[in-house]
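# Coordinate analysis (summary)
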2 protein chains.
Amino acid sequence: MASTPPKRLRDLGEDALISRILRGFPGGDSLTVGPGDDCAVVDPGKGRGPLRLLKTDAIVEGIHFLPETPSEKVGWKSVARVLSDFAAMGGKPEHLLVTIAIDQDRPVAWMDGLYRGIRKCLAKHGGILAGGETSRLPAGALISVAGEGSVERKHLTLRSTGQPGDIIAVTGRLGGSITGKHLSFTPRLAEAAWLVRHLRPSAMMDLSDGLAKDLPRLAAASGCSFQLDPAALPLTPGCTPQQALGDGEDYELFLTIPERHWKAASNNWPAAFPKLPLTPIGRLTDKSSRSTPLTGGWDHFNPSSH
Amino acid sequence: MASTPPKRLRDLGEDALISRILRGFPGGDSLTVGPGDDCAVVDPGKGRGPLRLLKTDAIVEGIHFLPETPSEKVGWKSVARVLSDFAAMGGKPEHLLVTIAIDQDRPVAWMDGLYRGIRKCLAKHGGILAGGETSRLPAGALISVAGEGSVERKHLTLRSTGQPGDIIAVTGRLGGSITGKHLSFTPRLAEAAWLVRHLRPSAMMDLSDGLAKDLPRLAAASGCSFQLDPAALPLTPGCTPQQALGDGEDYELFLTIPERHWKAASNNWPAAFPKLPLTPIGRLTDKSSRSTPLTGGWDHFNPSSH
């Protein structure tokens, strides 16, 4: 007996929706990595020179920020999220385009603050604002940031290339981002640049939907299962392991490292980034083994699963 | 006595808003053309090889399409608008990213139709779907398409390089797009490729907000005034000259051509595009002269001026 097909996006959930969309992507010769990783990857030099990264990301009032959030913080967050995705591939930002869709009764000062936040983030972390667009939205606000970055060919780090036995590690502390970090986080570009040079991770991504969602995604993309030690999680002070797993919006790097690379170089991390922990929290395992059960994490189309 | 500063986006209007935003753009060495043209232009080869075009564009339910619009047409329109911008620079599309922000009660079939329209347009006109993102919107739908294209250096055609005396011409017929063309138009990529090779326009853009808005923009960017002959406008059957000027969403090319280029090559247009008129409608003039007064055209933040 056939099951009833899903009817609405909330029934389908985000991962199933993306899988459904991806089925129809034709791809192309110039596309080294298509949809499904933090960024798409284009090879403009046909085997030589740096690769180009492409990314688009949107934040929505009422979901990613509140009507009362200072617009400068909204601007910072809108571009920092995209910079975090370039970091997650081992790369850096080049040119960004910003699309604002917004109600026409919005104070002009709100827009001024938004762009102030955008400019501050780019001035601090790199990337050139190359253009954009404004459109009216019947109510509320949406900021969509698209950008291109670049990555040295040897530093490109995907989420699909982890191997069984690799150590799983995260930068920073997890959980409780909603109290403020989600609006003012540091995109881990400098940290990623160090990691791809010294620790040479086998796979990497940024933590946006929470480790409980993002770890199974990386493991699945790499064809692995995983063992996670909840007691090893680096917690934001005041947070529980479940909050660290499920709150989301940490914007920390989450990576897998071959054990020999970990042994050779992880001791050098504290000298490079004395204020930021790099914490081993588990291992990728053979896909025939059972993964540590995780619950929580953010699903854009089924928030009740949160 | 100082005037009262504008307070809300609807008071400011779209052009003033964009000018305000642009003041804070720092630019960068790699950016050949920054905000203000149909696309931003990047020079990856530092003086050699093709240039890269960057563009982002969004369409919003209730503004650019209706809740009852078939989603396949929405998908077509969302990418065709960006392809039209690449055409307006004399270029072609390469890689596109699609961001969907949408309510979670939307039928999955709506999303399937949207991507069917996107794929059809790209299959017909070129461009590779490289990635994207989905996010929840409290209500309604927004589709933001960002993309990169390329243009041969000698074919790059800006909106700021028209000269007094140049002939103003448009492709196709203007007005009445709302009855259907705005959802199914042909991005003029093939036509633009012919024009930059044979007619060598001094300036070009695509007509999205109506000639009454877009002609003054091109003239201002080129430091010119203009004379327009309303009786010469190529009208969609059933439309008045005022509709042709003000309806918007024509997505035709609008270009200025040095008179010697026009005399040398415009006769060859009908053989290349037998079904599509190319119509001279006026001339750029010295900026000290008075432009033909025009009313109408689309302002995103002040629709009452429409």
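Residues numbered from 1 in each chain as written. Chains lettered and ligands numbered in written order. Predicted model: local features only at pLDDT ≥ 70, side-chain atom pairs only at ≥ 80, totals over all residues. Heavy atoms only, no water.

What counts, and what does not: UniProt positions are given in the numbering used here, feature names are shortened, and annotations may be inferred rather than shown by experiment.
If you check an unreviewed UniProt entry, chain A appears there as Thiamine-monophosphate kinase from Luteolibacter rhizosphaerae. Per its UniProt entry, chain A bears the Sequence similarities (unreviewed entry) comment "Belongs to the thiamine-monophosphate kinase family."

## Quick word on the interface of chain A and chain B
Quick reminder of the rule: Any pair of residues with heavy atoms lying within 4.5 Å of one another is described as a contacting pair. Joining two parts hides part of their accessible area as seen by a 1.4 Å probe, and the buried area is that hidden amount summed over both. Salt bridges, as used here, are contacts in which a Lys or Arg side-chain nitrogen is within 4 Å of a carboxyl oxygen on Asp or Glu. Whenever a nitrogen or oxygen atom comes within 3.5 Å of another N or O atom, the pair is scored as a polar contact, on the condition that within protein one atom can donate a hydrogen and the other can accept it, and that pairs from neighbouring residues in sequence are kept only if both atoms are in side chains. The helix count covers DSSP runs of H or I at least four residues long, the strand count covers runs of E at least two residues long, and both are numbered beginning at the N terminus. Residue classes follow a fixed rule: Ala, Val, Leu, Ile, Met, Phe, Trp, Tyr, Cys and Pro count as nonpolar, while Asp, Glu, Lys and Arg count as charged, and any other residue, Gly among them, counts as polar.
On the chain B side, the residues contacting the 68 residues of chain A number 68 residues. Summing both partners gives a buried area of about 5700 Å² for chain A against chain B, and 62% of it is carried by carbon and sulfur. The largest per-residue losses of area from chain A upon contact with chain B belong to Gln104(A), Val108(A) and Arg136(A), which jointly make up 11% of the total buried on that side. Scanning the region where chain A abuts chain B turns up six salt bridges. Put simply, Arg81(A) and Glu133(B) hold a salt bridge, and the shortest N to O gap is 3.8 Å. Taken together, the connections running from chain A to chain B amount to 15 residue pairs in polar contact (both at pLDDT 80 or more). Listing elements by their share of the side of chain A that touches chain B, those giving two or more residues are helix H1 (9-12), helix H2 (14-22), strand S2 (40-42), strand S3 (51-60), strand S4 (92-102), helix H4 (108-125), strand S5 (128-136) and strand S6 (141-151) of chain A. At nine residues, S5(A) tops the list of elements feeding residues into the side of chain A that touches chain B. Counted by class, the side of chain A that touches chain B contains 33 nonpolar, 17 polar and 18 charged residues.

## Re the relation of the copies chain A and chain B
Put simply, the rule is: The superposition of copies rests on a least-squares fit of C-alpha positions from residues with pLDDT of 70 or more in both.
Once turned by 180° and shifted 0.0 Å along the axis, chain A lies on chain B with an RMSD of 0.0 Å. The two molecules are tied by a two-fold rotation axis, judged by turn and shift. Within chain A, the C-alpha atom positioned nearest to the axis of rotation is that of Ala146(A), 3.1 Å from it. Most of the interface of chain A is mirrored in chain B, where 100% of its interface residues are also at the interface.

## Some remarks on the side chain of Arg217(A)
Residue and element names in this part refer to chain A. Here is the rule we go by: Each residue is assigned to one of three classes by its accessible area relative to the maximum for its type, calculated with a 1.4 Å probe on protein chains only: buried under 20%, partly exposed between the two thresholds, exposed over 50%.
Tracing the sequence through the fold places Arg217 in helix H7 (residues 211-221). The buried category is assigned to Arg217, whose relative accessible area is 17%. A polar atom in the side chain of Arg217 sits 3.0 Å from the side chain of Asp214.

## As for the packing of aromatic side chains
All names here are of chain A. Selection criterion: Put simply, two rings from Phe, Tyr or Trp (the six-membered ring, in Trp's case) pair if the centres are within 6.5 Å, and we call them stacked under 30 degrees between planes, edge-to-face over 60, tilted for the rest. By the criterion adopted, a ring carries a charge over it if an Arg CZ or a Lys NZ lies within 6 Å of its centre and within 35 degrees of its normal.
Scanning all chains against the criterion turns up 10 aromatic pairs over all chains. Aromatic side chains Phe65 and Trp110 sit 6.5 Å apart centroid to centroid with 35° between the ring planes, which places their arrangement in the tilted category. One end of the pair, Phe65, is in the loop between S3 and helix H3 (71-88); the other, Trp110, is in helix H4, and 45 residues separate them in sequence. Seen from their ring centres, Phe185 and Tyr251 are 3.9 Å apart, and the 15° between their planes marks the pair as stacked. Taken together, the residues span a long stretch of sequence, with Phe185 in the loop between helix H5 (181-184) and helix H6 (189-199) and Tyr251 in the loop between helix H8 (241-246) and strand S10 (253-257) at a distance of 66 residues. Comparing Phe185 with Tyr251 shows no difference in burial state: the two are buried. Cluster of aromatic residues (ring-pair linked, three or more members): Trp194, Trp269 and Phe273. For the cation-ring pair, Arg106 lies above Trp110, with the distance from its terminal atom to the ring centre recorded as 4.6 Å.

## Topic: the UniProt feature "binding site: Mg(2+) 3" (unreviewed entry) in chain A
Residues and elements named next belong to chain A. UniProt marks Asp38, Asp85 and Asp206 with the feature "binding site: Mg(2+) 3" (unreviewed entry), using the numbering shown here. Sequence-wise these annotated residues cover 169 residues; spatially they are packed, their C-alpha atoms never more than 7.7 Å apart. Positionally, Asp38 belongs in the loop between strand S1 (31-33) and S2. We classify Asp38 as buried; its relative accessible area is 2%. What Asp38 contacts, discounting residues up to four positions off in sequence, is Lys55, Asp85, Ala88, Met89, Arg159, Met204, Met205 and Asp206.

## Here's the deal with the domain arrangement of chain A
All names here are of chain A. Operational definition: All domain edges in this entry derive from an automatic or database-based domain assignment.
Taken as a whole, chain A is organised into domain 1 (32-44 + 51-154) and domain 2 (157-292). Between the C-alpha centres of domain 1 and domain 2 there is a distance of 23 Å. Residue-level contacts link 24 residues of domain 1 with 20 residues of domain 2. Between domain 1 and domain 2 the total buried area reaches about 1800 Å² when both faces are included, carbon and sulfur atoms providing 57% of it. Joining domain 1 to domain 2, the criterion identifies four salt bridges.

## As for the environment of Gly282(A)
Residues and elements named next belong to chain A. Within the secondary structure, Gly282 sits in strand S11 (residues 278-285). As for Gly282 and Gly165, which are separated by 117 residues in sequence, their C-alpha atoms are 9.5 Å apart. Other than its neighbours up to four places away in sequence, Gly282 contacts Asp166, Ile167, Ile168, Gln227 and Leu228.

## A short note on the sheet that holds strand S3 (residues 51-60) of chain B
All names here are of chain B. Worth spelling out the cut-off: Between any two strands, at least two bridges found by DSSP are needed for them to pair. Axis lines are fitted through C-alpha atoms, for helices just across the contact stretch, and the angle between N-to-C directions can take any value from 0 to 180 degrees.
Reading across from one edge, S1-S2-S3-S6-S4-S5 is the order of the six strands in this open sheet, with mixed pairing throughout. Strands at the two margins of the open sheet, each flanked by one partner only, are strand S1 (31-33) and strand S5 (128-136). Ignoring strand direction, the axes of neighbouring strands in this sheet form an average angle of 25°. In this structure, S3 lies alongside strand S6 (residues 141-151), joined through 10 bridges in antiparallel fashion. Looking at the pairing, Ala58 lines up with Ser144 of S6. Strands strand S4 (92-102), S5 and S6 of the sheet are contacted by helix H4 (residues 108-125), whose axis makes an angle of about 170° with S4.

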